[in-house]
Amino acid sequence: EPEVTQTPSHQVTQMGQEVILRCVPISNHLYFYWYRQILGQKVEFLVSFYNNEISEKSEIFDDQFSVERPDGSNFTLKIRSTKLEDSAMYFCASSDRDYPTTDTQYFGPGTRLTVL
Amino acid sequence: AQSVTQPDIHITVSEGASLELRCNYSYGATPYLFWYVQSPGQGLQLLLKYFSGDTLVQGIKGFEAEFKRSQSSFNLRKPSVHWSDAAEYFCAVVPTSGTYKYIFGTGTRLKVLA
């Protein structure tokens, strides 16, 4: 069964450093998402991406964040200068937005980011 | 404000007992509704979803959920819990207002006693 994969599973970085979190969505999906879950809190939407453009983003997704689909398979989330409060589990998701129903998103296992 | 509420943070049941996890939402129109499960160290796995039609939805692993418009609820049920069901369960909604972002509840952690 196709699945979303994410690397690394755990990333430790120093405050102020740049990190890139990587995701390989399901191969025929065209819509991609990033969510995060701070320890003990709910899963929060960050950004959605389609056709090489951001289609929606939350207030969390500020100028420190960027997303890219550098090739036909990867989808990345970059944090330019990490802060302590960026420590969280980051989930990638993809969907094929199967009209006329709606968007069923399939999630990866997550990358746990720890900022020291 | 639009929100999703899972009133129970922790639930403990004995193996073989029935289970009901609550989810309430506050949106003007009926949103699209989902239940996901997160096992330790795993990602979010889709259990079931509701878009329209029959308000009782069957999912994987023997779970079902019932949409009740009058109560703005989408509770998850299982008639007989197995030890492997111990996990965290998340209710999520997509407001039917031109957005595709999921709004998640805070989750319910299920513990199963042998």
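We now turn to the structure provided with this report.

The rules we used
- Residues numbered from 1 in each chain as written.
- Chains lettered and ligands numbered in written order.
- Predicted model: local features only at pLDDT ≥ 70, side-chain atom pairs only at ≥ 80, totals over all residues.
- Heavy atoms only, no water.
- Core = buried A, V, L, I, M, F, W, Y, C linked by side-chain atoms within 4.5 Å.
- Buried < 20%, exposed > 50% of the residue type's maximum accessible area, 1.4 Å probe, protein only.
- Helix = DSSP H or I, 4+ residues; strand = E, 2+ residues; numbered from the N terminus.
- Contact = heavy atoms within 4.5 Å.
- Phe/Tyr/Trp six-rings, centres within 6.5 Å; stacked < 30°, edge-to-face > 60°.
- Pairing = 2+ DSSP bridges.

Before going further, it helps to spend a moment on the nonpolar core. Formed by 27 residues in total, the largest nonpolar core has its most connected members in Leu19, Trp35, Leu47, Leu48, Phe74, Leu76 and Tyr89 of chain B. Looking at this core, the elements that each hand over two or more residues are strand 2 (10–14), strand 3 (19–21), strand 5 (32–38), strand 6 (44–50), strand 8 (64–68), strand 9 (73–78), strand 10 (87–94) and strand 12 (108–113) of chain B. For this core, the element with the most residues is strand 10 of chain B, which contributes four residues. Not counting the four nearest positions on each side in its chain, leucine 76 of chain B is found in contact with Leu19, Glu20, Leu21, Trp35, Leu47, Leu48, Phe63, Glu64, Ala65 and Tyr89 of chain B. One finds Cys23, Leu46, Phe61 and Val67 of chain A within the second-largest nonpolar core, a separate group that totals 23 residues.

Let's shift gears to the packing of aromatic side chains. Taken as a whole and judged by the stated rule, the model has 25 aromatic pairs over all chains. For the pair tyrosine 33 of chain A and tyrosine 35 of chain A, a centre-to-centre distance of 6.5 Å together with 35° between the ring planes defines the contact as tilted. By relative accessible area, tyrosine 33 of chain A is classed as buried at 0%. Ring centres 5.8 Å apart and planes at 90° place the aromatic pair tyrosine 35 of chain A and phenylalanine 104 of chain B in the edge-to-face group. Here tyrosine 35 of chain A, found in strand 4 (residues 31–37), pairs with phenylalanine 104 of chain B, found in strand 11 (residues 103–104), and the two come from separate chains. Here a set of aromatic residues connected by ring pairs shows up, and it is made of Tyr33, Tyr35, Phe45 and Phe107 of chain A together with Tyr32, Phe34, Tyr36, Phe51, Phe90, Tyr102 and Phe104 of chain B.

The next point concerns the pairing of strand 9 of chain B. All names here are of chain B. With five of six residues buried, strand 9 lies mostly within the body of the structure. Pairing analysis gives three bridges linking strand 3 to strand 9, with the strands arranged antiparallel. Among the inter-strand pairings, glutamate 20 is bridged to a residue of strand 9, identified as arginine 77. Here strand 8 runs beside strand 9; their pairing, made up of five bridges, is antiparallel. When the sheet's bridge partners are listed, glutamate 64 is paired in strand 9 with arginine 77. Taken together, strand 8 and the strand that follows it, strand 9, pair antiparallel across an intervening segment of four residues, in which serine 72 is found at a positive phi of about 50°.

Keep in mind these numbers describe shape, not what the thing actually does.
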